Each structure stands twice: as C-alpha cells, then as structure tokens.
Amino acid sequence: MDQQKRKDLNLRLGNLILAIFLATVPTAITYGTLSIHGLNICRNLSSKLSDTNQIKSKCDDAAWDTTKSYIILIGFFITLPTWMWFYLSMKKKEISQK
C-alpha cells in the first residue's frame, strides 16, 4: 500500500473513532427523548382506558422495546454526518497545506 493510501486510511479510521466517541452524547439524548415520549404516550393512553395497570405495563414494555430496537439506527445517523464532516474538513486542510 503506498504512503498516500495508508495516510488516507488512517485519517478515515481516526475520524471514525472520534465521530463515534463524540456521537455518544447526542445518541443518548435522542434515546432518552424517544423513551420519554413513548412512556408519555402510554401514560396518556392509560388515563383514557379502564384496567390501566395491565395496559400501562404492557405499553411501557412495548415503548422500551421499540426504542431499544432503534438505538443502532439512531447512532448510525448521528455518527455518519459527524464522521463525514471531520473527514472532509481534515482532507480539505491536508489539500490546502500542499
């Protein structure tokens, strides 16, 4: 592998690791927001129906399961633009230095 390709690969991997690290906070905030939203829907639903204990517990479980199933997708869509922004900024800086 020639030197430029190796340097480009290192730049991509380094920026990906940085983007993953920096995307954890927005991912956690989004996850928490969606969880609270799901639980609020369940609370509102249970206030409008009878036999609320069983409905609320099942609805809460369904809300948590739904939110958990989206955590990878949420992380991906937050990390990808961050990574591309870092990579393109560093690449542009590298080209302008030449």
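Placed above this text is the structure.
Rules used throughout
Residues numbered from 1 in each chain as written. Predicted model: local features only at pLDDT ≥ 70, side-chain atom pairs only at ≥ 80, totals over all residues. Heavy atoms only, no water. Patch = residues over 30% accessible without salt bridge, like charges linked within 9 Å, V, L, I, M, F, W, Y side chains within 5 Å. Areas by Shrake-Rupley, 256 points an atom, 1.4 Å probe, with all protein chains shown as cover. Salt bridge = Lys/Arg side-chain N within 4 Å of Asp/Glu carboxyl O. Helix = DSSP H or I, 4+ residues; strand = E, 2+ residues; numbered from the N terminus. Buried < 20%, exposed > 50% of the residue type's maximum accessible area, 1.4 Å probe, protein only. Phe/Tyr/Trp six-rings, centres within 6.5 Å; stacked < 30°, edge-to-face > 60°. Polar contact = N/O pair within 3.5 Å; in protein donor to acceptor, adjacent residues only side chain to side chain. Contact = heavy atoms within 4.5 Å. Expected span 1.5 Å × (residues − 1).

**Thoughts on a nonpolar patch on the surface**
On the surface, a cluster of nonpolar side chains totalling about 660 Å² of accessible area is made up of Y70, L73, F76, F77, L80, M84 and L88. Its place among the elements puts F77 in helix α3 (residues 71–97). A residue is classified by how much of its surface remains accessible, and F77, at 52% relative accessible area, is exposed.

**Considerations on the packing of aromatic side chains**
Applying the stated criterion across every chain, the model contains two aromatic pairs. Taken together, a centroid distance of 5.3 Å and an interplanar angle of 75 degrees make the contact between F76 and F77 edge-to-face. For F76, a relative accessible area of 44% gives the class partly exposed. Note on W85 and F86: the rings are 5.2 Å apart at their centroids and 45 degrees apart in plane angle, and the pair reads as tilted.

**What to know about the side chain of S35**
Structurally, S35 is set in helix α1 (residues 3–48). When its relative accessible area of 4% is taken as the criterion, S35 is described as buried. Side-chain polar atoms of S35 contact the backbone oxygen of Y31, separated by 2.9 Å. In this structure S35 touches W64 and T67, once residues within four positions along its chain are discounted.

**Structural notes on the pattern of salt bridges**
Taken as a whole, this structure holds two salt bridges when the rule is applied. A salt bridge links R12 to D8, with the shortest nitrogen-to-oxygen separation between them at 3.4 Å. Of this pair, R12 and D8 are both found in helix α1, four residues apart, which corresponds to roughly one turn of the helix. Among the residues examined, R12 registers a relative accessible area of 38% and is labelled partly exposed.

**Side note on helix α2 (residues 52–69)**
The terminal C-alpha atoms of α2, which comprises 18 residues, lie 25 Å apart, in line with the 26 Å expected from a rise of 1.5 Å per residue. Elements that come into contact with the buried residues of α2 comprise α1 and α3.

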